[in-house]
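Spelled out from the first residue to the last, the chains are:
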Amino acid sequence: MFADLHLHTSFSDGTYTPEELVMHARRHGLGAVALTDHDTVEGCARMSAACQQQSLEFIPGSELTAELDGVELHLIGYFIDTKHPRLLEEMAKFQSVRQNRIREMVARLNKMNIPLEADAVFAIANCRSPGRPHVGRALVQAGICATLDEAFERFLKKHRPAWVPKFKISAVDAIALIHEAGGVAVLAHPGLNRSDDVIPLLVDAGMDGIECYHTKHTPSTCERYLTIAEECHLIVTGGSDCHGLNKGKPLIGTIKLPYSHVLELKSKASEIRRTHVTPRPFANPPVL
Ligand code: AMP
Ligand code: ZN
Ligand code: FE
Ligand code: FE
């Protein structure tokens with residue numbers, strides 16, 4: 001049995017609904033999938049129901065944008081309690097930062113005489129956790145850019161004219177938050193973030209795992225992080241980081257992780273539940 005532990009839906013910047021994503025997962029022969037939308041768990045209930053219907057195993061998750069020593073890092077919390085009050089409270093703050101950032105990006109575009117309205121971006125995003133790809137899609141829809149790539153290249157990439165820095169939770173706090181919500185904290189796509197220097201700090205902060213298998217990791221990048229995982233006693237995860245049809249061909253099916261990695265993730269989640277989580281009344285954690 002194979003797993004894909006890094007997937008996005010239309011509840012953040014993916015284009016597939018949870019139901020569509022699960023259908024594609026099934027077509028690619030996956031037996032277990034994790035939903036890792038940016039700064040939200042809103043898609044998890046529907047994804048879980050769709051998985052149940054298609055006899056796939058579902059792992060709830062979310063990808064938090066965090067920061068350490070000025071480096072942007074993405075930390076995935078797996079098996080988080082999607083109803084955890086403080087997790088939801090913190091995510092609501094991240095979402096509000098994202099919404100304000102969209103307004104600011106649109107304002108910058110307007111200053112360049114590009115007639116885009118924030119509401120057009122919000123209509124395309126149709127979610128609480130909008131991001132730059134939604135601004136990009138709005139620019140394409142308005143005929144200002146031919147492709148999403150062009151939108152990023154001209155306006156949205158770091159230090160381009162419409163790029164706006166974003167407040168990010170410190171990675172140390174993000175790891176603690178994930179643990180508090182009963183989740184396993186995993187560094188996503190380290191090969192894309194120049195994060196090697198901060199990995200020891202993340203390990204000291206209690207990080208549990210590292211995403212070695214990722215569509216954008218070359219075989220040698222993957223090997224490098226497998227070695228680091230072994231040295232630092234981190235569990236190894238992997239996923240396609242599929243965003244649906246954002247970039248032409250969907251990436252789901254490009255990473256097929258052996259199920260043994262899911263078992264390791266589950267056993268780590270049980271350990272975290274025993275050691276980190278204060279029982280709360282009416283808790284409704286996912287069944288491990
Ligand atoms: P944000 O979270 O708003 O900063 O947006 C980051 C997201 O933009 C990433 O998760 C990617 O999905 C997407 N992204 C980054 N670069 C590009 C690009 N060149 N083309 C399309 N999407 C991109
Ligand atoms: Zn994304
Ligand atoms: Fe990411
Ligand atoms: Fe992602």
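Note that residues are indexed from 1 along each chain, following the sequence as it is written. Working convention: letters from A go to chains and numbers from 1 go to ligands, in the order in which they are written. Two thresholds apply to this predicted model, a pLDDT of at least 70 for residue-level local features and 80 or more for giving and counting side-chain atom pairs, whereas whole-chain, interface and lining totals are computed over all residues. To obtain the side-chain values, all non-hydrogen atoms of the structure were included, while hydrogens and water were left out.

Draft legend 1. Structural context of the coordination of the iron ion (ligand 3). The protein atoms that coordinate the iron ion (ligand 3) are E63 (OE), H74 (ND1) and H189 (NE2), at distances of 2.1 to 2.2 Å. Note that water is not among the atoms considered, so a metal site may appear incomplete; the donors listed are N, O and S atoms within 2.8 Å of the metal, with 3.2 Å applied to Na, K and Ca. In this structure, the iron ion (ligand 3) is positioned 5.8 Å from the zinc ion (ligand 2). Here H74, found in strand β4 (residues 71-78), pairs with H189, found in the loop between β6 (184-187) and α8 (199-204); they are 115 residues apart in sequence, far enough to count as distant. This pair shows no difference in class: H74 is buried, exactly as H189 is. A run of DSSP states H or I qualifies as a helix once it reaches four residues; a run of E qualifies as a strand once it reaches two. Both are numbered from the N-terminal end. Exposed residues in this analysis have more than 50% of their type's maximum accessible area, buried residues have under 20%, and partly exposed residues fall in between, with area computed by a 1.4 Å probe over protein chains only.

Draft legend 2. Spotlight on the site of ligand 1. Any residue with a non-hydrogen atom lying within 4 Å of a molecule or strand is treated as near it. In the region of ligand 1, 13 residues are neighbours, and H38, R101, R132, H243 and K247 sit closest. Between ligand 1 and the protein, one listed contact pairs an oxygen atom with a side-chain N or O atom of D13 at 3.4 Å. Using a 1.4 Å probe, the Shrake-Rupley method yields the accessible areas, and only the shown protein chains count as cover for residues. Here ligand 1 has 500 Å² of accessible area as a free molecule, and 82% of this is covered by the chains. For the shell around ligand 1, the secondary structure elements donating two or more residues are α3 (85-111), α5 (132-141) and α6 (148-156). Examining the composition of the shell around ligand 1, we find that 3 residues originate from one element, α6, more than from any other. In this classification, Asp, Glu, Lys and Arg are treated as charged, Ala, Val, Leu, Ile, Met, Phe, Trp, Tyr, Cys and Pro as nonpolar, and every other residue, Gly included, as polar. Of the residues belonging to the shell around ligand 1, the class tally is 3 nonpolar, 3 polar and 7 charged. In protein, a polar contact requires one atom able to donate a hydrogen and another able to accept it; more generally it is a pair of N or O atoms within 3.5 Å, and residues adjacent in sequence count only if both atoms are side-chain atoms.

Draft legend 3. View of α6. Within the sequence span of α6, burial applies to L148, A151, F152, F155 and L156. Angularly, the buried residues of α6 cover 110 degrees about the axis, an arc narrow enough to put them on a single face. Contact criterion: two residues are considered in contact whenever any of their non-hydrogen atoms come within 4.5 Å of each other. Packing partners of the buried residues in α6 comprise α3 and α5. Directions from the helix axis toward the C-beta atoms define the arc.

Draft legend 4. Representation of the packing of helix α1 (residues 18-27) against helix α2 (residues 44-53) in the model. Only the stretch in contact is used when a helix axis is fitted, and all axes are lines through C-alpha atoms; the angle between N-to-C directions ranges over 0 to 180 degrees. Between α1 and α2, the least distance of the axes is 8 Å, while the angle of their chain directions is 40 degrees. Read as a crossing pair, α1 and α2 show a hand that is right-handed. Mapping the contact onto sequence places P18, E19, L21 and V22 in α1 and R46, M47, A50 and C51 in α2. Left-handed describes a crossing whose near helix is turned anticlockwise from the far helix by less than a right angle; the clockwise case is right-handed.

Draft legend 5. Quick peek at the nonpolar core. Residues belong to a common nonpolar core when they are buried Ala, Val, Leu, Ile, Met, Phe, Trp, Tyr or Cys residues joined through side-chain atoms within 4.5 Å. Residues V33, M47, L73, L75, L187, L202 and I210 are the most contacted members of the largest nonpolar core, which totals 48 residues. The greatest single-element share of this core, amounting to 5 residues, is contributed by helix α7 (residues 171-180). When near neighbours in sequence (up to four residues on either side) are disregarded, L187 contacts L73, H74, L75, S195, I199, L202, M207, G209, I210 and E211. One finds V106, L109, A118 and L148 within the second-largest nonpolar core, a separate group that totals 19 residues.

Draft legend 6. Examining the packing of α3 against α5 more closely. Two numbers describe how α3 lies on α5: the axes approach to 10 Å, and their chain directions differ by 40 degrees. On the basis of their axis angle, the class for α3 and α5 is oblique. When the axes of α3 and α5 are compared, the crossing they make is right-handed. From α3, R101, I102, M105 and L109 reach across to α5, where they touch R132, V135 and L139. Residues belonging to the contact of α3 with α5 are distributed by class as follows: 5 nonpolar, no polar and 2 charged. Roughly parallel means an angle under 35 degrees; roughly antiparallel means over 145; roughly perpendicular covers 65 to 115; every other angle is labelled oblique.

Draft legend 7. Geometry of the coordination of the iron ion (ligand 4). H6 (NE2), H8 (NE2), E63 (OE) and D241 (OD) make up the full set of protein donors to the iron ion (ligand 4), lying at 2.0 to 2.3 Å. When the donor residues of the iron ion (ligand 4) are listed from N- to C-terminus, their spacing reads H-x1-H-x54-E-x177-D. Separating the iron ion (ligand 4) from the zinc ion (ligand 2) is a gap of 4.5 Å. One end of the pair, H8, is in the loop between β1 (2-4) and α1; the other, D241, is in the loop between β8 (235-239) and β9 (257-258), and 233 residues separate them in sequence. D241 shares its class with H8; the two are buried.

Draft legend 8. Representation of the pattern of salt bridges in the model. Salt bridge criterion: a side-chain nitrogen from Lys or Arg within 4 Å of a carboxyl oxygen from Asp or Glu. Taken as a whole, this structure holds 14 salt bridges when the rule is applied. E153 is paired through a salt bridge with K157; the nearest N and O atoms lie 3.1 Å apart. Where R224 meets D196, a salt bridge forms, and the shortest distance between an N and an O atom there is 3.1 Å. Pair noted here: R224 is in helix α9 (residues 219-232) and D196 is in the loop between β6 and α8, with a separation of 28 residues, a long-range link. Under the relative-accessibility criterion, R224 is labelled partly exposed at 39%.

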